Amino acid sequence: MTREQAMAIAEASREEREVPRGARISSAEQQYIELGQGDPEQPSPVRDVLVWLVRFEFEKGRWMELAVDDKQGQ
């Protein structure tokens, strides 16, 4: 997946992920994150996933990031 594709996926999921209307994409960086594979309240296996972290910035330096799985596009 390219940076542009990841940004388009993040942009398309704005409403579903409750990204504020005035937020704009400020960056998209590829990196690994760890995801738990079970009940978050209990110890569980963790896997490393290559994602694009797409950052949306809005009012007074506030921001949120959406992680887009590089292989699955989710």
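Source: prediction; values computed, not measured.

Q: Tell me about the environment of serine 26, residues and numbers included.
A: Along the chain, the position of serine 26 falls in strand β1 (residues 24–36). Expressed as a C-alpha distance, the spacing of serine 26 and phenylalanine 56, which sit 30 residues apart in the sequence, is 5.8 Å.

Q: Could you give an account of the sheet that holds β1, with specific residues and numbers?
A: In any sheet, the strands associate via hydrogen bonds between backbone groups, in a parallel or an antiparallel arrangement. One open sheet holds the three strands; their spatial order is β1-β2-β3, and the pairing between them is antiparallel. Every other strand in the sheet has two partners, leaving β1 and β3 (62–69) as the edge strands with one partner each. Along the sheet, successive strands turn relative to each other by an average axial angle of 30°, direction set aside. With twelve bridges connecting them, β1 and strand β2 (residues 46–58) associate as antiparallel partners.

Q: Can you break down the packing of aromatic side chains residue by residue, with the values?
A: Enumeration according to the criterion identifies zero aromatic pairs in this entry. Just above the ring of tryptophan 63 sits the side chain of arginine 55; from NZ or CZ to the centre is 3.7 Å.

Q: Explain the pairing of β3 to me, using residue names and the numbers behind them.
A: Taken together, the eight bridges between β2 and β3 define a ladder with antiparallel strand orientation. Looking at β3, one finds that phenylalanine 56 is bridged to methionine 64. Counting the residues between successive antiparallel strands, the hairpin from β2 to β3 contains three residues, one of them, lysine 60, with a positive phi of roughly 50°.

Criteria and cut-off values
- Residues numbered from 1 in each chain as written.
- Predicted model: local features only at pLDDT ≥ 70, side-chain atom pairs only at ≥ 80, totals over all residues.
- Heavy atoms only, no water.
- Helix = DSSP H or I, 4+ residues; strand = E, 2+ residues; numbered from the N terminus.
- Pairing = 2+ DSSP bridges.
- Axes fitted to C-alpha atoms, helices over the stretch in contact; angles between N-to-C directions.
- Phe/Tyr/Trp six-rings, centres within 6.5 Å; stacked < 30°, edge-to-face > 60°.
- Lys NZ or Arg CZ within 6 Å of the ring centre and 35° of its normal.

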